[in-house]
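Each chain is listed here by its residues.
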Amino acid sequence: MDLKERYAKIFSKYVSEETEVIALWNELADAYQQKFRKYHNLDHLTELFGYFDKFKDDIENAEEMLLAIYYHDFIYSIWKKDNEEKSVIKATQVLQDIGFDVNGIQRIEALILCTKHHNGKSNDEKLLIDFDLAILGQSEEVYQDYARKIRKEYAKIPGIMYRKGRKKVLQHFLDKSSIYQTKGFQSAFEKQARANLTNELNTL
């Protein structure tokens, strides 16, 4: 099931008009397909849904997790530090308009916000954080490709400023007692993630 089909399957439960579902999807797809987005794009969502499918038996509120994944990077600006908060506002607006459960919306808001500081409270929050950070623990080749894409997203940032900011981000993760929140991801990716982060830090 591709991204559009998965999206339509959820929203068709709440929206009777197919044209409205398509309009909502097109709005989301357009956001993720902004030209400057070299990593935080639809491919990133596909990556996260791969982990969703793999760990779906561990997820407590699957539909809410799906919606959080779709909207967690809806707003993405390299110049701002409130992308997650603004993405929450967008998600809340859309979900309120289709009559989504109020408690469910609150959980989705928490899921999106937890991807900012990477500290989860609930089981689903911890899983989403690990889905989002799984790229850090991939092979050296895959990680280097990811790092290049991030630099391209920040192409308008001068090199000296980018290196300073990127070092801070990398060190933030390395200073954590554990990058990943769940035992499964810790055992699968923690060691490689630390090696990848350290290697990039040494090149900056």
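Everything numeric in this text was worked out from a predicted model, so none of it was measured. (Residues numbered from 1 in each chain as written. Predicted model: local features only at pLDDT ≥ 70, side-chain atom pairs only at ≥ 80, totals over all residues. Heavy atoms only, no water.)

To continue, consider the packing of helix H1 (residues 3-11) against helix H2 (residues 18-32). Interaxial distance between H1 and H2 falls to 10 Å at its minimum, and their mutual angle equals 135 degrees. One element, H1, and the other, H2, form an angle in the oblique class. Remark: the crossing between H1 and H2 carries right-handed chirality. For the pair H1 and H2, contact is made by Leu 3, Lys 4, Tyr 7, Ala 8 and Phe 11 and by Val 21, Leu 24, Trp 25 and Leu 28, respectively. Here the residues of the contact of H1 with H2 are counted per class, giving eight nonpolar, no polar and one charged. (Axes fitted to C-alpha atoms, helices over the stretch in contact; angles between N-to-C directions. Helix = DSSP H or I, 4+ residues; strand = E, 2+ residues; numbered from the N terminus. Parallel < 35°, antiparallel > 145°, perpendicular 65-115°, else oblique. Left-handed = near helix turned anticlockwise from the far one by under 90°. Contact = heavy atoms within 4.5 Å. Nonpolar A, V, L, I, M, F, W, Y, C, P; charged D, E, K, R; others polar.)

Here the focus is the environment of Lys 164. With respect to the helices and strands, Lys 164 occurs in helix H9 (residues 159-174). Residue Lys 164 is classed as exposed on the basis of its relative accessible area, which comes to 67%. For the pair Lys 164 and Leu 204, spaced 40 residues apart in the sequence, the C-alpha separation amounts to 8.4 Å. (Buried < 20%, exposed > 50% of the residue type's maximum accessible area, 1.4 Å probe, protein only.)

Turning our attention to the packing of helix H3 (residues 42-54) against helix H4 (residues 62-71). Where H3 meets H4, the axes come as close as 10 Å, and the angle between the chain directions of the two elements is 160 degrees. By the angle between their directions, the pair H3 and H4 is classed as roughly antiparallel. The interaxial crossing formed by H3 with H4 has right-handed handedness. Across the interface between the two elements, Leu 45, Leu 48, Phe 49 and Phe 52 from H3 touch Ala 62, Met 65, Leu 66, Ile 69 and Tyr 70 from H4.

With that settled, the discussion passes to H1. Looking only at H1, the buried set comprises Leu 3, Arg 6, Tyr 7, Ile 10 and Phe 11. Relative to the axis of H1, the buried residues are bounded by an arc of 125 degrees and lie together on one face. Residues of H1 that are buried make contact with H2, H3, H4 and helix H5 (83-97). A distance of 3.2 Å separates the backbone nitrogen of Lys 4 from a side-chain oxygen at the start of H1, and that oxygen is part of Asp 2. (Arc of directions from axis to C-beta. Polar contact = N/O pair within 3.5 Å; in protein donor to acceptor, adjacent residues only side chain to side chain.)

The next point concerns the environment of Glu 153. Topologically, Glu 153 is positioned in helix H8 (residues 140-153). Overall, Glu 153 belongs to the buried group, its relative accessible area being 2%. When neighbours within four sequence positions are excluded, Glu 153 is seen to be in contact with Phe 36, Arg 37, Lys 38, Tyr 39, His 40, Tyr 76 and Ile 78. Polar side-chain contacts of Glu 153 include one of 2.7 Å to the backbone nitrogen of His 40.

Using the criterion set out here, one finds 21 aromatic pairs in the structure. Their ring planes at 20 degrees and their centres at 4.2 Å tell us that Tyr 7 and Phe 11 sit as a pair that is stacked. Of this pair, Tyr 7 and Phe 11 both sit in helix H1, four residues apart, which is roughly one turn of the helix. Using a relative accessible area of 0% as the deciding quantity, one classes Tyr 7 as buried. With centroids separated by 4.8 Å and ring planes inclined at 55 degrees, the aromatic side chains of Phe 49 and Tyr 70 adopt a geometry described as tilted. Residue Phe 49 is found in helix H3, and its partner Tyr 70 is found in helix H4; the two are separated by 21 residues along the sequence. Of the two residues, Phe 49 and Tyr 70, neither departs from the other in class, the shared state being buried. (Phe/Tyr/Trp six-rings, centres within 6.5 Å; stacked < 30°, edge-to-face > 60°.)

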